[in-house]
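Spelled out, the chains give:
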Amino acid sequence: MLLLVLLASFSLHGLGQVEESQFGEDIDSDLLDLDLGIAPRRVPRQVKNILAKETKPHIQELSIKTTIISRYAFTAVYCAMLNRRSAAADGVFRFQIPADAYVSNFTMIVGGRVYQSEVRPKGKRVKQENGKTKNKESGEGSPQPDLEVFRIVARIPGRNRAYFLLTYEELLQRRLGRYEHVTSLRPMQLVSRLSLDVTIIDHTAITDLQVLPLRHGRSVGTSNTAIGPNAPRTPAKQEPPANTVINKEKNVCKITFSPNIVQQARISTSGLLGDFVIRYDVEREMGIGDIQVLNGHFVHYFAPKDLPVVPKNVVFVIDTSASMLGTKIRQTKDALFTILRDLRPSDRFNFVSFSNRIKVWQPNRLVPVTPLSVRDAKKFIYMLPTSGGTNIDDAIQTGSTLLRNHLSGPDAIPNSVSLIIFLTDGRPTVGEIQPTSILGNTRSAVREKFCIFTIGIGNDVDYRLLDRMALENCGMMRRINEEADASAMLKGFYDEIGTPLLSDIRINYTSNSVEYVTQHLFTNYFNGSEIVIAGKLTNESAESLHVQVTASNNDKSIILETDVPLRQRQIETEKHVKAAVAAITAGTKALEIGIAQGLGSALGSIAEDFVERVWGFLSVKEGLRSRLRSQTSKEREDHTQQTTNLSLTYNFLTPLTDLVVETPEVLDDGSVASATTSSPAADEAVSTGNNLPAEADDGLSDGDQTSSPSNVIGKVERRPAKKSVTISKTSADGDPHFVVEFPLSKLTVCFNINGEPGHILRLVSDHKHSGVTVNGKLIGAPAPPGSHKQQRTYFSTITIVVDHPKRAYIEVTPKKVILDGRDRLVLPCHATAAVDSGALAVSIVAKANVTVTVGGNISFVVLLHHYKNPAPYQRDHLGFYIGHSKGLSHNTHGLLGQFLYEEVGVAQLPAPADRKPSSVLKVKDRTVPVVQKSRRIFGGAQSVDCWFARNNAAKLIDGRYEDYLMSHMFDTGTWPHGTNSV
């Protein structure tokens, strides 16, 4: 988790109040020139006038530093802002990040105080008036569809500076044979010192490096630009922006862009410079692909080439409703004319147009690609009218029927790839209009036989519907902005999916060597793309990892397999990670303040674990997709909890989390107070690819679709946690005191275990059957004054180990819970949280209790006992209670477990006339002397009457006390006698 808490390590020079002599109420031009770092005579009057008229705080420095290590990009943004005026003013830090990236930290320094962000689970959405911003500052109606806006407002005291530090991470996607990295340079004003540094490091040679001219407007991202062999003609040579320096070596490329303020003004006086775009690829070897290993994790990049093209069956379903009239339909037709020329002779195709009515070009069949069929198709496209409403459901059903009939007919080609390309600019208005019903009908029609790729044009599209339609049917969704070049973008999207090389791809690894592998089954692989898989290694000392790739290509099956030498790959990966860390730390030395320089060490530590962060990044994306595809509320809730937990583990701002930061409040006397605010930077952004909105229960119920990311800054609400919990009396709590409830006998028995500090006691043992083991570790404490005991013992740690279906465990202490299931998490006990790792689910009620559920029919509750001002004889400790034991077998053992399925009875022994009769407990074939006692449970909240067995429960428990001592907290050894008989 990236948390830039760097105050202890760095001096905060330069954070205080600006000297009175440096800036007065009026700006001195010569001093201003010096502040800009440019000789006074070289600053044009126009630039001076622009700066002199600025009323908002001025950005003195904006430094953006990106390191791309094996396609995973870490970006750190540092902004220094100066309020020259004597009165406090709002400083707006605003930065556009790629839609597929995740913010991993935000820190700001105002008035010499540091405000550190925290990622928290997203709470219930509270509607707020005027909460949304639609890029009004830039004069645009809506932001770029491939960029999201991170925005926060901080009140800066007069003659003071504020510093903002933002980091985000992304995994670059390969499209049409290139990776593309985009940095938005739109600071909204001229900047005194602006610099962009991008370092690309890969252990294979970097090829095809290209730095494009600054890209303006809203058509950004690779999805919006057709590249590759079928791209529209572009100038032969596209020069990089002026003041760009490129240093390229075999495995390392460094690109810098640092225009001074005059050069910025030549591009744009409003600070809208555009997007700085870098494209590149890497050399590849034939075979199973590139696998990198680091610190117990691996990442596998698979991008085969030089394979024969697989024939495709494609149905184009095109919206011709009245809203498509004009530019939209003209550009769509232009793109379709171009696409028709690129169809291959082995392909089959058809066209469906829809508005109120459905029109099919060639009813009941898919047509071979011939000069005659292409000519007739162009005529059909040219004559398409635009009128009426939007019948999405019938259009999808018609296209699906065409494909299904073809695939079951005599002309079907084995192993061919089938897909629907669906384009619309509106919401359903005719026929079935409920999104959930449309999705259900689509699933029934597709039957997992082909994929649907959806394209939305403009701002009136139900993008959630299109996104989910694509995700549920192995496709992708793309968005085309209202004013974008739809023709080029349509053609670019088709180029991405127009050349299938493989289908039914399955990538397997040695089953006992890896766990928690991200998606490893893929319907199709298209030329120029890349499949990326990450996972955990169960045995880091293993010599090799066996990898097998199976797929279909045209009319044959392909099997690729090899043994990957893990140690060698670890050494290779460490080598280029070392180069990345050096690049990061070197790139932050020139920043203005110490805490900003500390970004180098913080980001360096991330680079050292980049493989694990790739795994976390992909796992979050996968969880969001699974959540969007969920068919039931229970399934959706499970995916929500798992993905939220992963987001918190890696400190990612995702649609399921909020970034909360304390913001300064300048009081009337000029002093700085603080208020907690939340900046969910993109929680309402229309979902693209893996992103999705978080607030709708089914992902589809929101009627008002916005085309812009939300820039809400609102108060964080904390809901009080309920501390009540229903559990049984069967427990080990306090000194420790053991209580066993026998429901069938309607009796309660209690006993003490006088162990030694450090002893580990077996509480529940069912390893061979349900796979559950519970151990507890004792801690010592002095006896209170007047006690007959010399010392007391309590449980300091409870460990619950589960071996079915996979090994996982939970370790509970009074301060934290460690969960090692799907991933290793450390959760504080002072915060309420809920996590489901698959084998185990844990729910924490802050400072009260921890509930652990195994498989739905086993649950344990651990009470948290804390002392605010503990006496010398008091220790924070735990109480262990068995909640639900139905899933434990009849062979369960342990100090508590052996009694779960037993029946006992109490008998009175005759006694002499001068004495009271004594009582004995009959358990199994043993007779145990007992006396009646009252015992407090649930942290003293209740009392229970019980039959007490003395002498460390001699004769009550099987064997002796020493038989229940374990060698370590994760010891799962079974009861030495094999059953619960003596």
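In this report, the structure presented in the accompanying data block is examined. As the structure is a prediction and not an experimental result, all values here were calculated from the model.

What follows is about helix α5 (residues 371-382). Between the first and last C-alpha of α5 there are 17 Å, a value that for 12 residues agrees with the 16 Å anticipated at 1.5 Å per step. Those residues of α5 not exposed but buried are Ser 373, Val 374, Ala 377, Phe 380 and Ile 381. End-on view of α5: buried residues confined to an arc of 120 degrees, all on one side of the axis. Exposed residues lying more than 90 degrees from the buried face of α5 are Pro 371, Arg 375, Lys 379 and Tyr 382. The inward-facing, buried residues of α5 contact α4 (327-342), β19 (348-354), β20 (358-360) and β21 (367-368).

As a further point, take the pairing of strand β35 (residues 747-752). Of all 6 residues in β35, 6 are buried, a share of seventy percent or more. Of the two faces of β35, the one holding Leu 747, Val 749 and Phe 751 and the one holding Thr 748, Cys 750 and Asn 752 are both buried throughout. Judged from the 6 bridges that link them, strand β34 (residues 737-742) and β35 form a sheet pairing that is antiparallel. Paired with Phe 742 across the bridge in β35 is Leu 747. Between β34 and the antiparallel strand that follows it, β35, lie 4 residues; Lys 746 among them carries a positive phi value of about 55 degrees. Here 3 bridges tie β35 to strand β50 (residues 942-949), and the two strands are oriented parallel to one another.

A word on the packing of aromatic side chains. Following the criterion strictly, the structure yields 32 aromatic pairs and no others. Taken together, a centroid distance of 6.4 Å and an interplanar angle of 35 degrees make the contact between Phe 95 and Tyr 168 tilted. One end of the pair, Phe 95, is in strand β3 (residues 89-98); the other, Tyr 168, is in strand β8 (residues 160-171), and 73 residues separate them in sequence. The residues Phe 95 and Tyr 168 share a single accessibility class, namely buried. When the ring of Phe 738 is compared with that of Phe 795, the centres are 6.4 Å apart and the planes differ by 75 degrees; the resulting orientation is edge-to-face. Taken as a pair, Phe 738 in strand β34 and Phe 795 in strand β38 (residues 791-802) lie far apart in primary sequence, 57 residues in all. The burial state of Phe 738 is the same as that of Phe 795; both residues are buried. Feature note: the residues Tyr 72, Phe 74, Tyr 102, Trp 615, Phe 617, Tyr 650 and Phe 652 constitute an aromatic cluster, connected by ring pairs.

One pass over the full model with this rule turns up 32 salt bridges. Among the ionic pairs, Lys 65 bridges to Asp 197, the shortest N-O distance being 3.0 Å. Residue Lys 65 is located in strand β1 (residues 58-69), and its partner Asp 197 is located in strand β11 (residues 193-201); the two are separated by 132 residues in the primary sequence. Using a relative accessible area of 15% as the deciding quantity, one classes Lys 65 as buried. Arg 71 is the salt-bridge partner of Glu 530, the closest N and O atoms lying 3.5 Å from each other. Linking Glu 530 in the loop between β27 (521-526) and β28 (531-537) with Arg 71 in the loop between β1 and β2 (72-83), this pair joins segments that are 459 residues apart in sequence. Comparing Glu 530 with Arg 71, the two get one shared label, buried. Overlapping salt bridges, with partners in common, bring together Arg 71, Arg 174, Asp 202, Asp 281, Arg 284, Asp 290 and Glu 530 in one network.

Turning next to the state of the cysteines. For the structure on display, the rule yields 2 disulfides. Linked covalently through their sulfurs, Cys 451 and Cys 474 form a disulfide whose S-S length is 1.9 Å. Note on the Cys 451 and Cys 474 pair: the S-S dihedral is about -105 degrees, so by sign convention the disulfide is left-handed. Pair noted here: Cys 451 is in strand β23 (residues 451-457) and Cys 474 is in the loop between α8 (463-471) and β24 (477-480), with a separation of 23 residues, a long-range link. Each bonded cysteine in the protein gets a number by its place in the sequence, and the pairs come out as 1-2, 3-4.

For the peptide bond that leads from Asp 735 to Pro 736, omega is 5 degrees, which places it in the cis range. Tracing the backbone shows Pro 736 in the loop between β33 (731-733) and β34. Despite not being glycine, Leu 176 shows a phi value in the positive range, around 55 degrees. Along the polypeptide, Leu 176 turns up in the loop between β9 (174-175) and β10 (178-185).

All right, on to the environment of Ser 437 then. Mapped onto the elements of the fold, Ser 437 is located in helix α7 (residues 435-446). Distance in space between the C-alpha atoms of Ser 437 and Asp 393 is 8.8 Å, their sequence separation being 44 residues.

Let us look at the nonpolar core. In this structure, Phe 738, Phe 751, Leu 763, Val 842, Phe 860, Phe 880 and Leu 956 are the most contacted members of the largest nonpolar core, which totals 58 residues. Formed by 48 residues, the second largest nonpolar core is a distinct cluster that contains Ile 200, Val 282, Leu 659 and Val 661.

Relative orientation of the contacting elements α8 and helix α13 (residues 610-629) amounts to 105 degrees, with a least axis distance of 9 Å. Considering the angle they form, α8 stands roughly perpendicular to α13. Residues Asp 467, Arg 468 and Leu 471 of α8 touch α13, and the partners they reach there are Arg 625, Leu 628 and Arg 629. Split into classes, the residues belonging to the contact of α8 with α13 amount to 2 nonpolar, no polar and 4 charged.

Conventions adopted
Residues numbered from 1 in each chain as written. Predicted model: local features only at pLDDT ≥ 70, side-chain atom pairs only at ≥ 80, totals over all residues. Heavy atoms only, no water. Helix = DSSP H or I, 4+ residues; strand = E, 2+ residues; numbered from the N terminus. Expected span 1.5 Å × (residues − 1). Buried < 20%, exposed > 50% of the residue type's maximum accessible area, 1.4 Å probe, protein only. Arc of directions from axis to C-beta. Contact = heavy atoms within 4.5 Å. Pairing = 2+ DSSP bridges. Phe/Tyr/Trp six-rings, centres within 6.5 Å; stacked < 30°, edge-to-face > 60°. Salt bridge = Lys/Arg side-chain N within 4 Å of Asp/Glu carboxyl O. Disulfide = S-S within 2.5 Å. Core = buried A, V, L, I, M, F, W, Y, C linked by side-chain atoms within 4.5 Å. Axes fitted to C-alpha atoms, helices over the stretch in contact; angles between N-to-C directions. Parallel < 35°, antiparallel > 145°, perpendicular 65-115°, else oblique. Nonpolar A, V, L, I, M, F, W, Y, C, P; charged D, E, K, R; others polar.

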